Amino acid sequence: TPVELPAAGAPQAPDHAGPVPDHPPTAFARSHAATLMAASAVLFGLMAVTLRLAVAHVSAFEAAFFRSLFGLVFSLPLLYGPGLALLRTKNFHLYIVRALFGTLAMLTGFWALAHLPLAQAVSISYSAPLFVTIGAVFIYLGARLAIGAR
């Protein structure tokens, strides 16, 4: 059976989440979101520098393994309340494909950070939204681009 994907821009929540608000964000919410995005960029930059220091002692793939291991350890407490029901999905095969692409992206990203000049590797990684947008238009046939903020 074909998988029905939501229309582009339509807010979707997983089965276990609450409803997605359909009202426009407030000025505070927008500034808070911008602050969190800036903090995210700084933290990703720090991760890149830390990875660069780590690959002086281990390979990029070992660093990726330990990043995944520690990520798993820190994520396990999230399962305490809801248990494995938190991981339930209606499209398990798509989840596996997403996990494979995510793993491949992490491995190649770590390798690039280890072998390219730091500024170049980080600049390339920040171009990811452009490639996602292009992929959404050409691969996911229901996607449409809208100019301007909603």
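Predicted model, so just to flag it, every value in this text is computed and none were measured.

Concerning the overall build of the protein
Logical step 1: Secondary structure assignment for the protein yields five helices and zero strands.
Logical step 2: Seen in sequence order, the protein has helices and strands lined up from the N terminus as α-α-α-α-α.
Logical step 3: Taken over 150 residues, the protein has a buried fraction of 11%.
Logical step 4: Restricting to contacts in the protein with at least 6 residues of sequence separation, those with at least 24 account for 71%.
Logical step 5: Accessible surface, the protein as shown: approximately 12200 Å² in total, 73% of it carbon and sulfur.

Description of the packing of helix α2 (residues 60–75) against helix α3 (residues 92–115)
Logical step 1: Their axes nearest at 9 Å, the elements α2 and α3 cross at an angle of 130°. The angle between α2 and α3 falls in the class oblique. In this structure, α2 meets α3 at a crossing whose hand is right-handed. Side by side, α2 and α3 meet where A60, F61, A63, A64, R67 and S68 of the first sit next to M106, L107, F110, W111 and A114 of the second.

Some words on the packing of aromatic side chains
Logical step 1: Within the structure shown, the criterion is met by two aromatic pairs.
Logical step 2: Considering the side-chain rings of F65 and F66, the 5.1 Å spacing of their centres and the 75° angle between planes classify their relative orientation as edge-to-face.
Logical step 3: Taking the relative accessible area as the measure of exposure, F65 reaches 49% and is therefore partly exposed.
Logical step 4: Take F66: its relative accessible area is 38%, and that puts it in the partly exposed class.

Some remarks on the nonpolar core
Logical step 1: By size, the foremost hydrophobic cluster in this structure holds twelve residues: A48, L51, V55, A60, A63, A64, M106, F110, L113, A114, A121 and V122.
Logical step 2: Going through the elements one at a time, α1 (27–54), α2, α3 and α4 (118–125) are the ones with two or more residues in this core.
Logical step 3: The element that contributes the greatest number of residues to this core is α3, accounting for four residues.
Logical step 4: With sequence-adjacent residues up to four places away left out, L51 is seen in contact with A63, F110 and L113.

A few points about the confidence of the model for the protein
Low-pLDDT stretches of the model should not have their predicted coordinates read in fine detail.
Logical step 1: Chain-level pLDDT for the protein is 80 on average; 79% of the residues reach the 70-or-more range.
Logical step 2: Within the protein, no element has a lower average pLDDT than helix α5 (residues 128–138), which sits at 80, and none a higher one than α2, at 92.
Logical step 3: Long-range and interchain partners of residues 7–11, a stretch whose pLDDT sits below 50, account for eight contacts in this model, where long-range means more than four residues apart.

Thoughts on a nonpolar patch on the surface
Logical step 1: There is a patch of nonpolar side chains on the surface, built from F65, F66, L69, F70, V73 and F74 and spanning about 630 Å² of accessible area.
Logical step 2: Along the chain, L69 falls in helix α2.
Logical step 3: Note on L69: relative accessible area 35%, which makes it partly exposed.

A look at α3
Logical step 1: Relative to the 34 Å expected for 24 residues at 1.5 Å per residue, α3 spans 35 Å between its end C-alpha atoms, a close match to the ideal helical length.
Logical step 2: Contact partners of the buried residues in α3: α1, α2 and α4.

As for the packing of α1 against α3
In a pair of packed helices, the angle between the axes and the distance between the axes together describe the arrangement.
Logical step 1: At a closest axis distance of 9 Å, the pairing of α1 and α3 adopts a crossing angle of 70°. Accordingly, the angle class assigned to the pair α1 and α3 is roughly perpendicular. On α3, the residues that touch A48, L51 and R52 of α1 are F110, L113 and A114.
Logical step 2: Residue composition of the contact of α1 with α3, by class: five nonpolar, no polar and one charged.

Basis of the calculations
- Residues numbered from 1 in each chain as written.
- Predicted model: local features only at pLDDT ≥ 70, side-chain atom pairs only at ≥ 80, totals over all residues.
- Heavy atoms only, no water.
- Helix = DSSP H or I, 4+ residues; strand = E, 2+ residues; numbered from the N terminus.
- Buried < 20%, exposed > 50% of the residue type's maximum accessible area, 1.4 Å probe, protein only.
- Contact = heavy atoms within 4.5 Å.
- Areas by Shrake-Rupley, 256 points an atom, 1.4 Å probe, with all protein chains shown as cover.
- Axes fitted to C-alpha atoms, helices over the stretch in contact; angles between N-to-C directions.
- Parallel < 35°, antiparallel > 145°, perpendicular 65-115°, else oblique.
- Left-handed = near helix turned anticlockwise from the far one by under 90°.
- Phe/Tyr/Trp six-rings, centres within 6.5 Å; stacked < 30°, edge-to-face > 60°.
- Core = buried A, V, L, I, M, F, W, Y, C linked by side-chain atoms within 4.5 Å.
- pLDDT = per-residue confidence, 0-100.
- Patch = residues over 30% accessible without salt bridge, like charges linked within 9 Å, V, L, I, M, F, W, Y side chains within 5 Å.
- Salt bridge = Lys/Arg side-chain N within 4 Å of Asp/Glu carboxyl O.
- Expected span 1.5 Å × (residues − 1).
- Nonpolar A, V, L, I, M, F, W, Y, C, P; charged D, E, K, R; others polar.

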